Amino acid sequence: MGAVGANGVSIEPWGPERAADLADLVTAAAPAERLTADELLACCWDDPGLVLGTAGDPDAAVAAVVRRAGELAVGFVRLLAVHPGRRRAGLGRRLLAEAEDWLFAEGVTEVQLGGSAPFYLWPGVDVQALPLLCLAEAAGYDVTGAELDLSLPTTFRAAVPPGVVVRRVLDEADVVAVRSLVEGVWPWWWPEAARGIDGAGCFAAFGAEAHGDDARGASGDVRAIGFACHSVNRAAWLGPMGVDPTARGRGIGHALLGAVAQDLMVAGWRDLEVAWIGPVRFYAAAGASVSRVFRTYRRRR
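Each value, and the rule that gives it
- Residues numbered from 1 in each chain as written.
- Predicted model: local features only at pLDDT ≥ 70, side-chain atom pairs only at ≥ 80, totals over all residues.
- Heavy atoms only, no water.
- Phe/Tyr/Trp six-rings, centres within 6.5 Å; stacked < 30°, edge-to-face > 60°.
- Helix = DSSP H or I, 4+ residues; strand = E, 2+ residues; numbered from the N terminus.
- Buried < 20%, exposed > 50% of the residue type's maximum accessible area, 1.4 Å probe, protein only.
- Lys NZ or Arg CZ within 6 Å of the ring centre and 35° of its normal.
- Contact = heavy atoms within 4.5 Å.

**Student:** What is the right way to look at the packing of aromatic side chains in this model?
**Tutor:** According to the stated counting rule, one finds 6 aromatic pairs in the structure shown. Judged by centre distance (6.3 Å) and plane angle (65°), the rings of Trp189 and Phe227 are edge-to-face. Here Phe227 lies in strand β10 (residues 224–230) and Trp189 lies in the loop between α5 (172–185) and α6 (190–198), a separation of 38 residues in the sequence. Among the residues examined, Trp189 registers a relative accessible area of 23% and is labelled partly exposed. Among the aromatic residues, those joined into a ring-pair cluster are Trp186, Trp188, Trp189 and Phe227. Of note, Arg167 hangs over the ring of Phe206, and the distance from its end group to the ring centre comes to 4.2 Å. Looking at Arg195, its charged tip hangs above the ring of Phe119, at a distance of 3.7 Å from the centre.

Structural data, given as structure tokens:
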């Protein structure tokens, strides 16, 4: 790192003070992404990993992170961008190799492109990003599947079922109730849900039939039966979201989706992006359509 390669370009670590440079680079390389410096700061530096880029002008950069679960360690290249005017000079391949070397030195068993939840920018490689698709192939990555994003107009609304209350999660008791639900059913989602709550972008459904009209008992206890967050990693992106398996089939999920859509409409958004979706039929029934397709890639050492 910091050495001058065959292409005469020096690569060095980028600290958080380069967040604006990274945003400018991504805007030049992929203007439709509309990524902000704040979003990149949160994903690439608040969640510690590796960020490398060209010295001086922001011509190219890469960001990587290690995720560990017990003895298993997996590496993720969560961003790789090269300025259009500097492509075909070997910068992308060199930065990818630098990131891979760092990840393997950290003990990972494989490297994936994209993903890296709970801090992520894309679920994989957008199928429209032809230069990155070609680079992945040239670097020996295997295609492992595909992921979808769906787009939903923020005009979507759905009635709240009888006996249920939907509200923004602000009160401490509501936070405790949502955490209990998430950690009990989808524990891997709590870091994202917590960030959604911190950003006032989390709504939850509470079972009022058990605790009175406001879903709160005399002792102040509440029971969350569903939740939905938006703008956790990227503005106007939905997720994570879930409904307690024992409460499904009552329209709670669509009521939560409608609350998020209304919140984003008030903020000036015409559409929300359903990121890295799971159940296609649920969102299709609300009027969502496929907006993006991502290829997923993996390289084992």
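Moving on from the coordinates now.
**Student:** Before we go on, may I ask you to explain the environment of Val77 in this structure?
**Tutor:** Looking at where Val77 falls in the secondary structure, it is placed in strand β4 (residues 72–82). On a C-alpha basis, the gap between Val77 and Leu50 in space is 9.3 Å, while along the polypeptide they are 27 residues apart. Other than its neighbours up to four places away in sequence, Val77 contacts Val62, Ala63, Ala64, Leu96, Ala99, Leu103, Val111, Gln112, Leu113 and Gly114.

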